[in-house]
Amino acid sequence: YPLRRQRQMCIRDRVRKAVKLAYDTGFFITASFIMGAPFETKKHFENTIDFACSLPIDFVEFYILDYRVGSTLWKNAVENEIIHKNDFFIRSCKENNLSQFSLNDLVKWRKKAYTKFYLRPHYLLRESVKLIKSGNLNLLKATFPIITKI
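In this text, all values refer to a predicted model and were calculated from it rather than measured experimentally. (Residues numbered from 1 in each chain as written. Predicted model: local features only at pLDDT ≥ 70, side-chain atom pairs only at ≥ 80, totals over all residues. Heavy atoms only, no water.)

(A) Molecular detail of the overall build of the protein chain. The helix and strand tally for the protein chain stands at 6 helices and 4 strands. For the protein chain, the succession of helices and strands along the chain, N to C, is α-β-α-β-β-α-β-α-α-α. In the protein chain, buried positions account for 33% of the 150 residues. Sequence-distant contacts in the protein chain: of pairs separated by 6 or more residues, those separated by 24 or more amount to 68%. As displayed, the protein chain has an accessible area near 10000 Å², and 60% of this comes from carbon and sulfur atoms. (Helix = DSSP H or I, 4+ residues; strand = E, 2+ residues; numbered from the N terminus. Buried < 20%, exposed > 50% of the residue type's maximum accessible area, 1.4 Å probe, protein only. Contact = heavy atoms within 4.5 Å. Areas by Shrake-Rupley, 256 points an atom, 1.4 Å probe, with all protein chains shown as cover.)

Now the structure itself:
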């Protein structure tokens, strides 16, 4: 466990440095986070949300984990008889015995992630300044659909 945690911290540090470099260079930064792995707890979700909020990301998506036919995750689950080979798309949730959280719980965590990320005063101010400086209303159009999910 300590080795796994140390590796995760190293990866997070590398991600943080890469995102900061992209931000400092002026890139429009997008990121995706996946929630709902079988081992995840509420603490994992909180850490994922906090990590996303700690980065200067312009656009973020939070997904619920899916097992999709052909993916490595799907192949391993079939080989270990966790899912059936005829399950071409299966959501990771308690109802499918693939998570300790119900689909409803995962949807609530996803909404909490969007709310916490997009409604931060620092984010709103930073993005508003970028929008005004650029004069590009397409950024607003890109963000609006996500904000309406909240």
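(B) View of unusual backbone geometry. Unlike most non-glycine residues, glutamate 81 shows phi in positive territory, near 55 degrees. Inspection of the secondary structure puts glutamate 81 in the loop between helix 3 (72-79) and strand 4 (89-91). The phi dihedral of asparagine 97 is positive, around 60 degrees, even though this residue is not glycine. Along the polypeptide, asparagine 97 turns up in the loop between strand 4 and helix 4 (103-118).

(C) Representation of the pairing of strand 2 (residues 59-64) within the structure. By the criterion of burial, strand 2 is predominantly enclosed, with 5 of the 6 residues buried. With respect to chirality, the unit in which strand 1 (residues 30-35) leads through helix 2 (residues 42-54) into the neighbouring parallel strand 2 is right-handed. (Right-handed = clockwise from strand over helix to strand, strands pointing away.)

(D) Spatial organisation of the pattern of salt bridges. This structure, assessed with the given rule, holds 8 salt bridges. Residue arginine 91 pairs with aspartate 66 through a salt bridge whose shortest N-O separation is 2.6 Å. Here the residue arginine 91 occupies a position in strand 4, and aspartate 66 occupies one in strand 3 (residues 66-68), the gap between them amounting to 25 residues. Accessibility expressed as a relative area gives 15% for aspartate 66, which makes it buried. Put simply, lysine 130 and glutamate 127 hold a salt bridge, and the shortest N to O gap is 4.0 Å. With lysine 130 and glutamate 127 both in helix 5 (residues 121-134) and 3 residues apart, the pair spans about one turn of that helix. Residues joined by salt bridges that share partners form a network here, namely Asp58, Arg126, Glu127 and Lys130. (Salt bridge = Lys/Arg side-chain N within 4 Å of Asp/Glu carboxyl O.)

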